[in-house]
Structure formats: C-alpha cells, structure tokens
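Examining the three-dimensional arrangement
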Amino acid sequence: MNQFLRSLTPTQQVATLFLIVFGLLVIASTTALFLSFRERRNPVHDATWQAELAHYRKLLGTTWFMVIVFWVGWALGETVATVLFALIAFFALREFITLSPTRRGDHRSLILAFFVVLPIQFWLVATARFDLFTVFIPVYVFLAIPVASALANDPSHFLERNAKLQWGIMICVYGMSHVPALLLLSFPGYEGKSAFLVFFLVFVVQTSVLVQHVISRRSQRKPFAPNVSRSFNWTSWGIGIVVASLVGALFSFITPFKFGQALAVSFIACIAGSMGHLVMKALKRDRGIPNWGKKGVGVTGANGLLDRVDALCFAAPIFFHSIRWYFNV
Amino acid sequence: MLAKLTGWLLLGIVRLLTGAQARWYGCPPKAEQRIYFANHQSHADLVMIWAALPEELRSITRPIAARDYWANTPFKRWITTEVFNAVYVERAATAPASAAPAPAAAEPDTPPAPARDTAAGPAERIEPSMEPLLPLAPAPQTVVDVAPEAFDEIQGRLDLPAPPPPAVAPPVEPPAATTEAAPSEPAAAPASDPLAPLVEALRSGDSIIIFPEGTRGHTGEPQKFKSGLYTLATMFPDVVLVPAWIDNVQRVMPKGEIVPVPILCSVTFGAPIRVEEDEERRPFLDRARAAVIALRDV
C-alpha cells in the first residue's frame, strides 16, 4: 500500500488525498443523516439530541465547504487558488466591516482597504515577493490608513475607527493571504506537493477546534472566560490541542517534516488557531451577535464566512512564519 | 439581450458589494400587485431593492426614478428604462422649479394652474404630493386637511419668484384648484401631475416601488412621508401595501461619494398595511412610516 502510494506522482498523491477526505466526509454526512432519523422516547432528550445533531451537521457543513474550496484551489492551479483566497478575504472583510460600524469619514479608508490594499497584498503573494508581502500591511498600510482617515476631516473616535479597520485588514487580508503563500514555499525534494501543506494546516486546525468543541460539550466544565465563550475551558482546550497535534504528527508523511517537526508545527498552528477563534468570539460578543451572519439570518451564501475561517486566519501567518524561519525556505 | 446582460452584470456587482439580501418577514414574495414603500437614504436604494426582489417579481415590479437624476445622461436613461423598467417621476429640481412658475404667472386669469404648480413644485422632492388628484379621494375632510400643507409649500416656493403675491394663493385656493382640475382640463392634468406615471403603471397591473419620504434622508429615522402613498392607496384599494426597510445602503455609498464600498445590506419586507375605513391622510402616513421604521429592528 505504502509502496503503491510512493510510486504515484505528486499530483496523483494529492488527488488520492482528496479522494480519501471526500470519502470520509461522505461517510460522516451519511451517518449524521441516518442518526437524525432516530427518535428518542423522552421528548426533552430528543430535543437536546436533535439540537446537538444540528450543531454537528453545521460543523460538517463547514468542513465540506473548506474541503471543496481547497480542492477547487488545488485543481485549478496556484494562481486560481490565490484569487480564490483573495475572494474569501474580500467577503470576510465585508462581513467584518458590516458589523463594525463605520462613519462617513471612513469611506475613503474603506475604499483603500478593499480596492487597493487587498489586491496588492494578494498580488504580492501570487508573485512570491515574500519579503514585501510580510511587511506590506503591518508597516506601510497601517501607517497609511490613519493618514487617509485624518484627511477625511473627522476626528471623533479616531483611534477606535482606525483600530477597527486595521484589525479587520490584519485578520481578513493579512491572515488569509498566508494560506496561498504556503503553496509557494519550496522545500527541497517537495516540489509540486505544497497543496499538502495547505491541507495539513487546515486539517490540523479544524481538528483541534472540532475536538475542543465536542469535549467541552461532553464534559460540562466551568468555562474559563464565560463572558467571551461559554464553551472554552483549559481542559478541553488542552485535549483538543494534543489530539490535533498527534493527528498532525501522524500525517507527517504528507509534509516535508519529520514526525517530531510535524508535531511541533501542528502544536503551534493549533494554539494560534484556537486562540484566534477565542479572540474572534470576543469581537462578536462585543458586537452583540452570535455569529458573523447578518443577524443570524443568512440568505446569501457568503454569510457567516468569517466564522469558518477565523481560526485559519490566525493560524496561517504563525504557521507560515515559524516554518519559514525554522527551515529557512 | 444587451439589457438582460447588463441586468445580470449589475446584479452580480450589487451582490458582490452588498449581498443584496431580501428578508421576508411580514409577507412572502408573491406575484400579486403591490406597492412597496421604503426608506430612502441613497441613490443606490433603487438598485438595491430591485436586486433584492426575486427574479420573477423583478419583471413585474417597477421602481420609480427621479427623472432629473436618472435620465440626465443617455446611459442612465437606458439603464433605468431597459434594465430596471423604471417609472420616471418629475422631481422639480431647483432650476426647473424656478422656471416653471414663470409661464404660469404670465397668465393670471387662471389661478388654478399656479396653485397646482406649487403643489408639484418644491425642490429636492422625488415624489410630490398629490393635491391635483384629490378629487378622486372620497372624504371632504381630506381637502381641508390639504390646506395647511399646500400652504406651506406655497410659502416654500414664494422666495423663488417675486410676481405672485401671497394673496394669489390663500389656504382656500388649493381646494378650488383641485375641484377644478379634474373636470376642466382632464387632458392637461396627467401631463403636469407628477404621480400620473405611477397611476398609469398601477392601472396596467404592475407593482411599484416608491420612497414616500421624497428626499434622501441622512441617517437614522426617515422623514415625514409625503401624501402620494395615501393617494395611491385610496385610488387602488386592492393593491397590497408592503413596507420595506433598506438597511446599510448609506454606508455603501454616502451622499457625495462615487466609489461604493462593499458592506452587507438587506431589504426587510414587513406585513402589508391598508387604509382603514375613514382613515385620514396624516394618521395613515404616520402609521405607514411607523411600519417602515419597525422593520429596522426585526
């Protein structure tokens, strides 16, 4: 079996991987479907059971969405993948800005963020200008946006408004742009397989969030920061991180890393991802909403996108920079 | 063909920028004859509500567009007629408004004409009130009710032209004008009456979208509704009146900006309202406005 997999070309290997993932997802979804037919005698139990199942199906839906996005990205090549992630960043930023009230004076800065900063950042990624794309937003944009705001002649809540906009750019554009950037990292002897790296990151981060979620549901422990998240506690967080890191380590054969290295990088990615998820929860709580969808009622497909990618937005830059620094690629 | 393509393209852009969500709260999207009335904050409102309607309703629903803005270039005119299938209304902008009373004042033997003109006159209005059509409205109190507002509008106009003295248009004048308008010059009345195109559209069975505030508001609460909605409602009692709240569009493109920014917007449609038996104009308009505002928080 192993011999057979090694004999495949990189493209065939990636295709096999996607085939396996889709197969697993189909199994999970079918199970969920059949489980939903089952009825509990006790109506109270039945209600909670159904609610839990609905939640589980939502998570599954998220996973389906992500996998399909990555599959399309991989199938159509690096440039298309970058454009795809640029679009995701665009929609995520749109959601972020929608729910962070802006003022009339922010209009020019917003135009700058959406139509100048975002395309430039992704263009820098697509053309592999690593040294510029890592500093473009934190250095140049963060100093330019306040200038645009100041020129709008509206000083009220100046710091607040700029912080909102810059934070939105940081999460949605900067964080997201590091996912396609992974495709461009060239490890020696790993050519043509960098799609695995993206898959690895997403898979590991999603696993940690999922495991954490399931365990906190089961264990009913006291939440650590109840005002921010009612489900976050250190025990389930720790278990989630450990499980996901081990899973990452087991998948080291698809990465350029050795077992221990894979364990370490997935550990880092999981901590960043789960903490990012928590941070975004705090932001949502501040806005008084349960999720980024428009008042919980999503009609267009783009709604709630930020919920799906928030962990990734935090994990990607940290993952990217730590492996780039350590392996010097 | 080209119009259809442009429509799709425009729809794509609107969806990309705003999401163009429709939220049907008080009523389902249904192919019956309706008057949608909404708050008005931006030129993009027209496009927004058009994009939010489902495809099959879009073809039978005609938005109204101010002729001075939407027909001032060939491209805008083409897009509003071919793509939106809009109904133009005259919103007497400042220049035409000051020009219009001049010929009317030149013939002082017909006082009704200037009176009607003034009713249609004030600047910055999309949908002037409907005093000329009032004979069709049943209740005589409405005519009494008209007087103060009509007087206000006359007052508002007076600083533009010097010739007509206040005596020409006392509060009693508008009723005289309205009673005379229908019988004496039936052919001329629809031409000068700003609501005539809407009446025509409704007669032919189309649904329409109107913005009863008249002007674009700034933010927050909509302004007082103009009386056009009431007149149309009483003229067409069978048409369903659906309130709508357009959210966030002013953030996409505030007054004075040209480049829109992408921010999610939504149009919330509420439960239909109707004019009750013997309900007067102002209470009805206030109720309609309240129905629109109530949709902001659902």
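Up top you'll find the structure we're talking about.
Here's a quick rundown of the structure. Fair warning: this is a prediction, and the values are worked out from it, not measured in the lab.

**Things to note about the sheet that holds strand β3 (residues 61-66) of chain B**
All names here are of chain B. Here 7 strands make up an open sheet; going across it, the order is β1-β7-β6-β2-β5-β3-β4 and the pairing mixed. Lying at the two open borders of the sheet, with one neighbouring strand each, are β1 (21-24) and β4 (87-89). Ignoring which end each strand starts from, the neighbouring axes of this sheet average 25° apart. In terms of strand pairing, β3 meets strand β5 (residues 207-210) through 3 bridges, oriented parallel. Following the sheet pairing, P63 is matched in β5 by I209. Running at roughly 65° to strand β7 (residues 266-269), helix α2 (residues 44-52) makes contact with β1, β2 (34-38), β3, β5, β6 (240-247) and β7 of the sheet.

**Side note on the packing of aromatic side chains**
Scanning all chains against the criterion turns up 31 aromatic pairs over all chains. Considering the side-chain rings of F22(A) and W71(A), the 6.0 Å spacing of their centres and the 90° angle between planes classify their relative orientation as edge-to-face. Residue F22(A) is found in helix α2 (residues 10-37), and its partner W71(A) is found in helix α3 (residues 43-75); the two are separated by 49 residues along the sequence. Taking relative accessible area as the criterion, W71(A) reaches 38% and is therefore assigned partly exposed. Relative to F225(B), the ring of F37(B) has its centre 6.3 Å away and its plane inclined at 90°; by these criteria the two rings are edge-to-face. With a gap of 188 residues between them, F37(B) in strand β2 and F225(B) in the loop between β5 and α13 (228-235) connect regions that are remote in the sequence. We classify F37(B) as buried; its relative accessible area is 0%. Three or more aromatic residues link up through ring pairs in this structure, and these residues are F187(A), F200(A), F257(A), F319(A), W325(A), Y326(A) and F327(A).

**A short note on the side chain of D106(A)**
Residues and elements named next belong to chain A. Counting through the fold element by element, D106 comes out in the loop between α4 (78-98) and α5 (107-126). In this structure the side chain of D106 is engaged in a polar contact, spanning 2.9 Å, whose partner is the side chain of R161. Once residues lying within four places of it in the same chain are set aside, the contact partners of D106 are S149 and R161.

**Examining the packing of α4(A) against helix α11 (residues 305-327) of chain A**
All names here are of chain A. Running from N to C, α4 and α11 cross one another at 110°; their axes reach a closest spacing of 9 Å. Considered as vectors, α4 and α11 are oriented roughly perpendicular to each other. Regarding α4 and α11, the two cross each other, and that crossing is left-handed. The residues of α11 that touch α4, namely those facing I88, F91, A92, E95 and F96, are L305, L306 and V309. The residue inventory of the contact of α4 with α11, partitioned by class, reads 7 nonpolar, no polar and 1 charged.

**Some words on α11(A)**
In an α-helix, one turn spans 3.6 residues; hence positions three or four apart end up facing the same way. All names here are of chain A. Between the first and last C-alpha of α11 there are 32 Å, a value that for 23 residues agrees with the 33 Å anticipated at 1.5 Å per step. At A315, α11 shows its maximal kink, close to 30°; a proline, P317, follows between one and four residues later. Backbone geometry just downstream of α11 places N328 in the positive-phi region, at approximately 55°.

The rules behind each value
Each chain has its residues counted from 1, following the order in which its sequence is written. The lettering of chains begins at A and the numbering of ligands begins at 1, in the order of writing. Local features in this predicted model are restricted to residues of pLDDT 70 or higher, and side-chain atom pairs are both shown and tallied only at a pLDDT of 80 or more, whereas totals for entire chains, interfaces and linings draw on every residue. Side-chain measures here rest on the full set of heavy atoms in the structure, leaving out hydrogens and waters. At least two bridges found by DSSP between two strands is the condition for calling them paired. Each helix is a run of DSSP H or I of at least 4 residues and each strand a run of E of at least 2, with the numbering of both proceeding from the N terminus. Axes here mean lines fitted to C-alpha atoms, for a helix over just the part in contact, with angles spanning 0 to 180 degrees between N-to-C directions. Should any heavy atoms of two residues lie within 4.5 Å, those residues are counted as being in contact. When two rings of Phe, Tyr or Trp (its six-membered ring) have centres within 6.5 Å they constitute a pair, described as stacked for plane angles under 30 degrees, edge-to-face for angles over 60, and tilted for the intermediate range. Burial status follows relative accessibility: with a 1.4 Å probe on protein chains alone, a residue under 20% of its type maximum counts as buried, one over 50% as exposed, and anything between as partly exposed. For the purposes of these results, a polar contact is taken to be a pair of N or O atoms within 3.5 Å, where, inside protein, one atom must be able to donate a hydrogen and its partner to accept one; residues adjacent in sequence count only when each atom of the pair is a side-chain atom. Under this scheme an angle from 65 to 115 degrees is roughly perpendicular, one under 35 degrees roughly parallel, and one over 145 degrees roughly antiparallel; angles in between are oblique. Each crossing gets its handedness from the near helix: less than a right angle anticlockwise from the far helix is left-handed, clockwise is right-handed. Amino acids are sorted into nonpolar (Ala, Val, Leu, Ile, Met, Phe, Trp, Tyr, Cys and Pro), charged (Asp, Glu, Lys and Arg) and polar (every other residue, Gly among them). Each helix should span, by expectation, one fewer than its residue count multiplied by 1.5 Å. Bend at a given residue is defined as the angle between two axes, one fitted to the seven residues that end at that position and one fitted to the seven that begin there.

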